[in-house]
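Chain by chain, the residues:
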Amino acid sequence: GFEVYGPELFYPIKWQNGREYFEPGILENKDAYIYHVWNHVTRNRTPNKSSPYAHLARTFCPSTYTLYGNRFGL
């Protein structure tokens, strides 16, 4: 017995929209298990302080965010 989950639980933002992780806003899918940020399309982006990426960093990596949060954009 095992379950197969759809991609929305692993890739809540499709690669074509990867920039949305770094722009101001919130994630619509709060049930995801993994948040893949699509480095091949986002590697040169700076996350906004009110972006989903910043929220995930504050929530799941608070020590790292405390150390590097000043590198996040406006």
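Right above here is the structure, for reference.
Residues numbered from 1 in each chain as written. Predicted model: local features only at pLDDT ≥ 70, side-chain atom pairs only at ≥ 80, totals over all residues. Heavy atoms only, no water.

Engineer: If you had to explain the overall build of the protein to someone new, which residues and values would you point to?
Structural biologist: Per the secondary structure count, the protein includes three helices and zero strands. In sequence order, the secondary structure elements of the protein are arranged as α-α-α. Counting only C-alpha atoms, the protein reaches 45 × 25 × 20 Å along its principal axes. Expressed as a percentage of the 74 residues in the protein, the buried residues total 27%. At a minimum sequence separation of 6, the contacts of the protein that also span at least 24 residues come to 53%. Across the protein, 8 positive and 6 negative side-chain charges occur, with their mean positions spaced 14 Å apart. (Helix = DSSP H or I, 4+ residues; strand = E, 2+ residues; numbered from the N terminus. Buried < 20%, exposed > 50% of the residue type's maximum accessible area, 1.4 Å probe, protein only. Contact = heavy atoms within 4.5 Å. Lys, Arg positive; Asp, Glu negative; His and termini not counted. Charge placed at Lys NZ, Arg CZ, Asp CG, Glu CD.)

Engineer: Any details on helix α2 (residues 52-60)? Residues and values, ideally.
Structural biologist: Inspection of α2 places P52, A54, L56 and A57 among the buried residues, and these make up the whole buried set. Those residues of α2 hidden inside the fold are in contact with α3 (62-68).

Engineer: How would you sum up the environment of A57? Please name residues and give values.
Structural biologist: Examined against the element boundaries, A57 turns out to sit in helix α2. Accessibility expressed as a relative area gives 12% for A57, which makes it buried. With 44 residues separating them along the chain, A57 and I13 place their C-alpha atoms 16 Å apart.

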